[in-house]
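Structural description and commentary
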Amino acid sequence: MTSQPKQQLPPAGAPATRPAPPGGAPTPLSVGVEEEFLLVDPVTRSVRPEGPQVAVAAAGELGDSVGTELTRYQIESRTDPHTNLIEAYTQLRSLRAALARAAAGRGLRIVASGSPVTGLVTPVPLTPGPRYAKSLSLFRALDDEQSACACHVHVGVADPRESIEVSNHLRPWLPTLTALTANSPYWNGRDTGYASWRTLAWGRWPVAGPPPYFESPAHFEELVEELVLTRTVLDRGGVYWDVRPSHHLPTVEVRVADAALSPEDTVLLAAVVRALVGTALDAVRAGEPAPRPGPEILRAASWRAARDGLAGHALDPLTRRLVPGVTQVERMLRALSPALRRSGDLDLVRNHWERLRTRGNGADRQRAAYRHRSSLHDVVDHLITATCPSQAPPAT
């Protein structure tokens, strides 16, 4: 939930890919990333409510690439749009380093975790501003625990009809993205038993989780208008489905992922999401209908992915069968191989997926840090160094 525009992508009406030169391949789809972080005290390892102060400190260097979030425990960065993911990765590292410097100036550290490991105070301290005041008035105690951090990926798709159809095609893969990116096993001092507790916490919003299947752009517009008119959401920006046409950019925005532990995890997600959108566009332009798993099955698959991550089983929304979570990810990557090869991301994804398959996703790595000494302090210290290696946790 933010109160100001994000990165600027191509203007409305621009094509999703640039025309190919004679005999050449089209330019890959543009990708922009928003990353949310928690601020922690490196001594107590608890979250600290200084997001607005850190944002001001970072703005001198980052300008509009930094912003605040719903709670004062959080801060957000926004990349430029990129067609080259190596350049996106470089900027992701640079943004994290700049935020880390601004936080260090106040004696704090940034951590990329979908949920606070320890020190959460409820009700949470909200960031000042009229939008957040309106949110509290409308949603009341629902705001009390919303210190949940996500990673959002925007992919340039200018045509509104194609954006809606891409959303339909992505629906069956949303739980797989949840499992791949799960990074919130701990919540305020305890292991929740879930790989992505953020998914459960965020799912309380009245318009969140997997989106409906939309019959047309008009169907989408009518539903959103009804949600706004009935004050179910604050405005179009309050439509928090896991994938949506952006309300202010010519992009498809995928919002399903927890905050990514490392920049490497983020660039893997960006590459996979771009390939999903590219594959969906191919299907749309070929006139292929999108699969239509029922909302009950899709919600069940999302819950299972949040619980098990990569370490357990996934519910395939299309076959309605349980399969190992790793197997489901590999099915997705096989389906995306042509798009990944076309964009030049195939080796990048293979390498980063092999790393995750060996070491686990963010949730697995958080729990591994805890097992070393059964210490939540060790979890936070691991998050600090994995988020930005230039940050130094205290010696213990």
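Nothing here was measured: the structure is a model prediction, and the numbers come from that model.

Regarding the overall build of the chain
Helix and strand counts for the chain stand at 13 helices and 13 strands. In summary, the chain has a C-alpha radius of gyration of 20 Å against a globular reference of 21 Å for 396 residues, a match within 12%. Overall, the C-alpha framework of the chain stretches about 60 × 45 × 45 Å when taken along its three principal axes. With 396 residues in all, the chain has 60% of them scored as buried.

Here we look at unusual backbone geometry
With glycine set apart, most residues show a phi of negative sign, and most peptide bonds adopt trans. Note that the residue after Thr122, namely Pro123, is joined by a cis bond; omega there is -5 degrees. As for its placement among the helices and strands, Pro123 is situated in the loop between strand 4 (109–111) and helix 3 (130–139). Of note in this structure, Arg231 is not a glycine but carries a positive phi near 55 degrees. By the element assignment, Arg231 lies in the loop between helix 7 (217–229) and strand 9 (240–241). According to the relative accessible area criterion, Arg231 is exposed, its value standing at 56%.

Considerations on the packing of helix 8 (residues 263–285) against helix 10 (residues 325–343)
Packing of helix 8 against helix 10 brings their axes to within 8 Å, and their N-to-C directions diverge by 90 degrees. When the axis of helix 8 is compared with that of helix 10, the two are roughly perpendicular. Touching Ala271, Val272, Arg274, Ala275, Leu276, Gly278, Thr279 and Asp282 of helix 8 are Met332, Leu333, Ala335, Leu336, Ala339, Leu340, Arg342 and Ser343, all from helix 10. Across the contact of helix 8 with helix 10, the residue classes break down as 10 nonpolar, 3 polar and 3 charged.

Observations concerning the pattern of salt bridges
According to the stated counting rule, one finds 27 salt bridges in the structure shown. Notably, a salt bridge pairs Arg198 with Asp258, separated by 2.5 Å at the nearest N-O pair. Of this pair, Arg198 sits in helix 6 (residues 197–202) while Asp258 sits in strand 11 (residues 251–258); the two residues are 60 residues apart in sequence, bridging distant segments of the chain. For the salt bridge of Arg357 with Glu330, the shortest nitrogen-to-oxygen distance reads 2.2 Å. Residue Arg357 is found in helix 11 (residues 346–359), and its partner Glu330 is found in helix 10; the two are separated by 27 residues along the sequence. Of the residues examined, Arg357 reaches a relative accessible area of 38% and is grouped as partly exposed. Residues joined in a network through salt bridges with shared partners are Asp41, Arg48, Glu50 and Arg106.

Observations concerning helix 9 (residues 295–308)
Taking 1.5 Å per residue, 14 residues should reach 20 Å; helix 9 reaches 20 Å between its end C-alpha atoms and fits that length. Along helix 9, the residues classified as buried are Ile297, Leu298, Ala301, Ser302, Arg304, Ala305, Ala306 and Asp308. Against helix 5 (174–181), helix 6, strand 12 (313–316) and strand 13 (321–324) lie the buried residues of helix 9. The first or second residue beyond helix 9 is Gly309, which carries a positive phi of 60 degrees.

Section: helix 11
Its 14 residues place the ends of helix 11 20 Å apart at the C-alpha level, agreeing with the 20 Å of an ideal helix rising 1.5 Å per residue. Every buried residue of helix 11 is listed here: Leu346, Leu348, Val349, His352, Trp353, Arg355 and Leu356. On its buried side, helix 11 packs onto helix 2 (85–104), helix 5, helix 8, helix 10 and helix 12 (362–373).

Examining the nonpolar core
Counting 46 residues, the largest nonpolar core has Leu85, Leu170, Leu177, Val272, Val273, Val277 and Val349 as its most contacted members. Of the residues forming this core, the biggest block, 12 residues, is contributed by helix 8. Apart from the residues within four sequence positions on either side, Val272 is in contact with Leu177, Met332, Leu333, Leu336 and Val349.

Digging into the pairing of strand 12
With 4 bridges connecting them, strand 12 and strand 13 associate as antiparallel partners. Within strand 13, the position partnered with Asp316 by the bridge is Arg321. What sits between strand 12 and strand 13 in their antiparallel hairpin is a turn of 4 residues, with Arg320 showing a positive phi close to 60 degrees.

Describing the confidence of the model for the chain
Confidence in the prediction of the chain, expressed as mean pLDDT, is 93, and 93% of residues score 70 or more. Scored below 50 in pLDDT, residues 1–23 makes 59 contacts in the model with residues more than four places away or belonging to other chains.

Calculation rules
Residues numbered from 1 in each chain as written. Predicted model: local features only at pLDDT ≥ 70, side-chain atom pairs only at ≥ 80, totals over all residues. Heavy atoms only, no water. Helix = DSSP H or I, 4+ residues; strand = E, 2+ residues; numbered from the N terminus. Rg over C-alpha atoms; globule rule 2.2 N^0.38 Å. Buried < 20%, exposed > 50% of the residue type's maximum accessible area, 1.4 Å probe, protein only. Axes fitted to C-alpha atoms, helices over the stretch in contact; angles between N-to-C directions. Parallel < 35°, antiparallel > 145°, perpendicular 65-115°, else oblique. Contact = heavy atoms within 4.5 Å. Nonpolar A, V, L, I, M, F, W, Y, C, P; charged D, E, K, R; others polar. Salt bridge = Lys/Arg side-chain N within 4 Å of Asp/Glu carboxyl O. Expected span 1.5 Å × (residues − 1). Core = buried A, V, L, I, M, F, W, Y, C linked by side-chain atoms within 4.5 Å. Pairing = 2+ DSSP bridges. pLDDT = per-residue confidence, 0-100.

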